[in-house]
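Now for the letters of each chain:
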Amino acid sequence: MVFSSILRKSASSLAPLASRLTRVNRNYHSAIFTASQTLYQKPNLGPFAPNLYFSTATETTKPRSDDSLLRIIDSEIKCAVETDDHDRVEETPGGFPFKIEDNPGLQTITLTREYEGELVKVEVQMPDLVSGEQPEAVDDDNDMETPNQSSIPLVVTVSKSSGTSLEFNCVAYPDEISIDSLAVRKTENLEDEAGYEGPDFHDLDENLKKAFHKYLEIRGIKPSTTNFLFEYMLNKDSREYLIWLKKLKDFVEA
């Protein structure tokens, strides 16, 4: 399966992501221990301790604990640079029909294209990663295997010039795209939270569900697209993590 091979290919990317919590947790406790020793250790300043103590306090501009925190952040930045695919550029596959809008600092990207007078817009979120061998859960009502697989949440909006649009909430699994909900929107009623959005998609007639999957496939929402997006979003996560670390460092240093 194509998506499965991508997961194996991305093992080097997933390992650094999975190890971050352990590394940060260990460094966090180390920093707290160092800070507590520094803050509560009473200096031996001799008979003039009161005057010298207050003089020292007014001259200190940055807690020593901040120095420890900066060292930990620098170490994490170095590790991210060496192990993550932050600078990797994923090659767009041939025939990819969408324009990609990727703004640094955001956890989503936006895909857009025109198809026979329609505007197709896809909001792609960060992947939900599942690692290790875990049994797959079975949805008894729908007879389909669900989660316990890495996936990508998508919101697909197909808009017509009249101002009416269809909004699909989807989840892309390995070689399969699941539609969770479908709603008809009008521009003037976008904020109407009480509007009827139709039945649960899984309760629709089987032929109607298949027709909507084909509807999305024709507009470019298919496994070959989502397989590429999965790899792309893994790389984006690495880039955003490094940017986040550098922002932390700038704040502590200020």
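Residues numbered from 1 in each chain as written. Predicted model: local features only at pLDDT ≥ 70, side-chain atom pairs only at ≥ 80, totals over all residues. Heavy atoms only, no water.

*Asks:* Which residues make up the overall build of the protein chain, and what values go with them?
*Replies:* What the protein chain contains, in helices and strands, is six helices and eight strands. For the protein chain, the α and β elements follow one another from N to C terminus as α-α-α-α-β-β-β-β-β-β-β-β-α-α. For the protein chain, the proportion of its 254 residues judged to be buried stands at 36%. Within the protein chain, contacts between residues separated by at least 24 positions form 61% of all contacts whose residues are at least 6 apart in sequence. Only carbon and sulfur atoms are counted for the fraction: they give 53% of the accessible area of the protein chain, which is about 16,200 Å². (Helix = DSSP H or I, 4+ residues; strand = E, 2+ residues; numbered from the N terminus. Buried < 20%, exposed > 50% of the residue type's maximum accessible area, 1.4 Å probe, protein only. Contact = heavy atoms within 4.5 Å. Areas by Shrake-Rupley, 256 points an atom, 1.4 Å probe, with all protein chains shown as cover.)

*Asks:* Kindly report on the packing of aromatic side chains, identifying the contributing residues and their values.
*Replies:* Throughout the structure, instances matching the rule amount to eight aromatic pairs. For the pair Phe168 and Tyr215, a centre-to-centre distance of 6.1 Å together with 35° between the ring planes defines the contact as tilted. Linking Phe168 in strand S7 (residues 164-173) with Tyr215 in helix H5 (residues 206-218), this pair joins segments that are 47 residues apart in sequence. We note that Phe168, like Tyr215, is buried. (Phe/Tyr/Trp six-rings, centres within 6.5 Å; stacked < 30°, edge-to-face > 60°.)

*Asks:* Lay out the nonpolar core in plain terms, naming residues and giving numbers.
*Replies:* Counting 32 residues, the largest nonpolar core has Val122, Val124, Leu154, Val156 and Phe168 as its most contacted members. At six residues, helix H6 (residues 223-253) tops the list of elements feeding residues into this core. The contact partners of Leu154, leaving out residues within four places of it in the chain, are Val122, Glu123, Val124, Phe168, Asn169, Cys170, Ala172, Ile221 and Thr226. (Core = buried A, V, L, I, M, F, W, Y, C linked by side-chain atoms within 4.5 Å.)

*Asks:* Quick rundown of the sheet that holds strand S2 (residues 108-115)? Include the residues and the values.
*Replies:* The six strands are arranged S1-S2-S3-S6-S7-S8 in an open sheet whose pairing can be described as antiparallel. Each having just a single partner strand, strand S1 (99-101) and strand S8 (176-186) make up the two edges of the open sheet. Between one strand axis and the next, the sheet turns by 20° as a mean value, whatever way the strands run. Taken strand by strand, H6 contacts S1, S2, strand S3 (118-125), strand S6 (152-159), S7 and S8, and its axis lies near 150° from that of S2. (Pairing = 2+ DSSP bridges. Axes fitted to C-alpha atoms, helices over the stretch in contact; angles between N-to-C directions.)

*Asks:* How would you summarise the confidence of the model for the protein chain if you had to cite specific residues and measurements?
*Replies:* The predicted model of the protein chain has a mean per-residue pLDDT of 77, with 65% of residues at 70 or higher. Low confidence marks residues 21-42, where pLDDT is under 50. Its contacts with residues over four positions away, or in another chain, come to eleven contacts. Low pLDDT (under 50) marks residues 51-59, which in the prediction has three contacts with non-local residues, meaning those over four places away or in another chain. (pLDDT = per-residue confidence, 0-100.)

*Asks:* Can you tell me about the side chain of Glu118, naming the residues and giving the values?
*Replies:* Tracing the backbone shows Glu118 in strand S3. The exposure class assigned to Glu118 is buried, which follows from its relative accessible area of 6%. A polar atom in the side chain of Glu118 sits 2.8 Å from the side chain of Arg219. (Polar contact = N/O pair within 3.5 Å; in protein donor to acceptor, adjacent residues only side chain to side chain.)

*Asks:* Before we move on, could you go through the packing of helix H4 (residues 64-83) against H6 and cite the residues and values that matter?
*Replies:* Between H4 and H6, the shortest axis-to-axis distance is 10 Å and the interhelical angle comes to 160°. Regarding the angle of H4 to H6, the classification is roughly antiparallel. The handedness of the crossing between H4 and H6 is left-handed. Together, Asp66, Leu69, Leu70, Ile73, Asp74, Glu76, Ile77, Ala80 and Val81 of H4 and Tyr241, Leu242, Leu245, Lys246, Leu248, Lys249, Val252 and Glu253 of H6 make up the contact between the two elements. Split into classes, the residues belonging to the contact of H4 with H6 amount to eleven nonpolar, no polar and six charged. (Parallel < 35°, antiparallel > 145°, perpendicular 65-115°, else oblique. Left-handed = near helix turned anticlockwise from the far one by under 90°. Nonpolar A, V, L, I, M, F, W, Y, C, P; charged D, E, K, R; others polar.)

*Asks:* How would you summarise the pairing of S7 if you had to cite specific residues and measurements?
*Replies:* With seven of ten residues buried, S7 is to be regarded as a mostly interior element. The hairpin turn running from S6 into S7, its antiparallel successor, is four residues long, and Gly163 in that turn takes a positive phi close to 100°. With ten bridges connecting them, S7 and S8 associate as antiparallel partners. Each bridged residue has a counterpart across the sheet, and for Ser165 the counterpart in S8 is Arg185. In sequence, S7 turns back onto S8 through a hairpin of two residues, with Asp175 there showing a positive phi of about 60°.

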